[in-house]
Amino acid sequence: MSWSWEAAALAPASAAGFLAWAARGRSASVFAPSLWRGAPGRRAIALTFDDGPSEYTPRLLDVLARHNVPATFFLCGRNVLRLPQTARLLRDAGHEIANHSHSHPRLWLRSPGFILNELTAAQRAIEDVCGLSPRWFRAPYGVRWFGLAEAQRRLGLTGVMWTAIARDWTLAAPAIAHRLLRAASDGAILCLHDGRGLAPEPDISATVQAVDRLLPALLDRGFHFETITPILCPTTSHNA
Ligand SMILES: [Zn+2]
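In short, a report on the structure. (Residues numbered from 1 in each chain as written. Predicted model: local features only at pLDDT ≥ 70, side-chain atom pairs only at ≥ 80, totals over all residues. Heavy atoms only, no water.)

## As for the environment of Arg 42
Applied cut-off: Here a strand is any run of E in DSSP of at least two residues, a helix any run of H or I of at least four, and the numbering for each starts at the N terminus. Contacts described as polar in this section are N or O atom pairs within 3.5 Å, which, within protein, must combine one atom able to donate a hydrogen with one able to accept it, while residues neighboring in sequence count only if both atoms come from side chains.
Inspection of the secondary structure assignment puts Arg 42 in the loop between strand E1 (34-35) and strand E2 (44-52). When the C-alpha positions of Arg 42 and Glu 150 are compared, they lie 32 Å apart, and in sequence the two are 108 residues distant. A distance of 2.5 Å separates polar atoms of two side chains, one belonging to Arg 42 and the other to Glu 226.

Now the structure itself:
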């Protein structure tokens, strides 16, 4: 293709667009391998909660227990160190625990060393407090960057994005439930929040109320709930 002023003028915009998609697109694996939905053909849904544990998490656990539904919690290392008993409560209730970085930074423009330290510190905090090593990582704000692939590889982590995100940090409970009901499909990974980054005592009442509405509706539609490991590796978990 020959050079033209027109092409030169468009190039920066499309390069920036590509970079934004690579960093934040739910199906992008440019910076690091990442999964965003389970296998089709199985009536399974994975509920995932980011940014915990928080002071509010036990109320969410009550709702999940009432409906007998397992979920996956992407925890921040600093929150685990702040609320170790709540982190162990999650583990003891049979939910899956995953890594959501140590201090919830945007990884955009950060050095590979910074990214590795963030993932490692969270992994160590969860290992020390819960006695298990997560195998799944979700980037804060969904932002991936150079160096993340190597950090994930060194820690044995695989990236997980989402099929649908609840926007539960801004919407009211009926809107959250409606949005997720519309997005429900075989193998869907739904992203909600039981915290707000590292903020202490976050109000996640809208999320808790939305989950209480959502679960019976999804069960009525014939879905069952799985954590991330069985929804992404159904064969492995059946053999286990
Ligand atoms: Zn987050």
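## Comments concerning the packing of helix H2 (residues 57-66) against helix H4 (residues 84-92)
Test applied: Inter-axis angles, ranging from 0 to 180 degrees, are taken between N-to-C directions of lines fitted to C-alpha atoms, where helices are fitted over the stretch in contact. When describing relative orientation, an angle under 35 degrees is termed roughly parallel and one over 145 degrees roughly antiparallel, while 65 to 115 degrees is termed roughly perpendicular and anything else oblique. Take the far helix as the reference: if the near one is turned anticlockwise from it by less than a right angle, the crossing is left-handed, and if turned clockwise, right-handed. Residues are treated as being in contact if the distance between any of their heavy atoms lies within 4.5 Å. Polar here means any residue outside two lists: the nonpolar Ala, Val, Leu, Ile, Met, Phe, Trp, Tyr, Cys and Pro, and the charged Asp, Glu, Lys and Arg; Gly therefore counts as polar.
Two elements in contact, H2 and H4, have axes whose closest approach is 10 Å; the angle formed by their N-to-C orientations is 15°. It follows that H2 is roughly parallel to H4 by the angle criterion. Between H2 and H4 the crossing geometry is left-handed. In contact with Thr 57, Pro 58 and Leu 61 of H2, H4 contributes Thr 86, Leu 89 and Leu 90. Residues of the contact of H2 with H4, tallied by class, amount to four nonpolar, two polar and no charged.

## What to know about the side chain of Gln 123
As for its placement among the helices and strands, Gln 123 is situated in helix H5 (residues 112-130). Among all residues touching Gln 123, those that are not within four sequence positions of it are Asn 99, Ser 133, Pro 134, Leu 155 and Leu 157.

## Considering unusual backbone geometry
Our working rule: Note on exposure labels: buried denotes an accessible area under 20% of the residue type's maximum, exposed denotes more than 50%, and partly exposed covers the range between, all computed with a 1.4 Å probe on protein chains only.
Residues Gly 52 and Pro 53 are joined by a peptide bond in cis, for which omega reads -5°. Here Ser 101, not a glycine, exhibits a phi torsion of approximately 80°, which is positive. Following the sequence through the fold, Ser 101 ends up in the loop between strand E4 (96-99) and H5. Even without being a glycine, His 104 presents a positive backbone phi close to 60°. When you line up the elements, His 104 lands in the loop between E4 and H5. Assessed through its relative accessible area of 10%, His 104 is described here as buried.

## Some thoughts on the pattern of salt bridges
Any two side chains of opposite charge can pair, so long as their charged atoms come close to each other. Note the threshold: Note on definitions: salt bridges are taken to be side-chain nitrogens of Lys or Arg within 4 Å of carboxyl oxygens of Asp or Glu.
In the structure shown here, the tally under the stated rule is eight salt bridges. Of the charged contacts, one joins Arg 91 and Asp 92 as a salt bridge, the two residues approaching to 2.9 Å between their closest N and O atoms. On the accessibility criterion, Asp 92 (57% relative accessible area) is exposed. Between Glu 127 and Arg 124 there is a salt bridge, and its shortest N-O distance comes to 3.0 Å. With Glu 127 and Arg 124 both in helix H5 and three residues apart, the pair spans about one turn of that helix. Take Glu 127: its relative accessible area is 23%, and that puts it in the partly exposed class. Overall, the relative accessible area of 39% leaves Arg 124 in the partly exposed class.

## Some details on the pairing of E4
Worth spelling out the cut-off: By this definition, two strands are paired if DSSP reports at least two bridges between them.
Residues Glu 96 and Ala 98 point to one face of E4 and Ile 97 and Asn 99 to the other, with burial holding for every one of them. Across four bridges, the pairing between strand E3 (residues 72-75) and E4 is parallel. Opposite Phe 73, over in E4, you have Ile 97 as the bridge partner.

## Thoughts on the coordination of the zinc ion
Using the following cut-off: Donor selection uses N, O and S atoms within 2.8 Å of the metal (3.2 Å for Na, K and Ca). Since no water is included, sites may look incomplete.
Coordination sphere of the zinc ion, protein contribution only: Asp 51 (OD), His 100 (NE2) and His 104 (NE2), at 2.1 Å. Positions of the donor residues of the zinc ion, expressed as sequence spacing, correspond to D-x48-H-x3-H. Taken as a pair, Asp 51 in strand E2 and His 104 in the loop between E4 and H5 lie far apart in primary sequence, 53 residues in all. Comparing Asp 51 with His 104, the two get one shared label, buried.

## Section: the nonpolar core
Heads up, the rule is: By nonpolar core we mean a set of buried residues, namely Ala, Val, Leu, Ile, Met, Phe, Trp, Tyr and Cys, connected to one another through side-chain atoms within 4.5 Å.
Ranked by internal contacts, the top residues of the largest apolar core, which has 38 residues, are Leu 47, Phe 49, Leu 64, Phe 73 and Leu 192. Every element with two or more residues in this core is listed here: E2, H2, E3, H4, H5, helix H7 (173-183), strand E8 (188-193) and helix H8 (205-220). Broken down by element, the residue count for this core peaks at six residues, all from H8.

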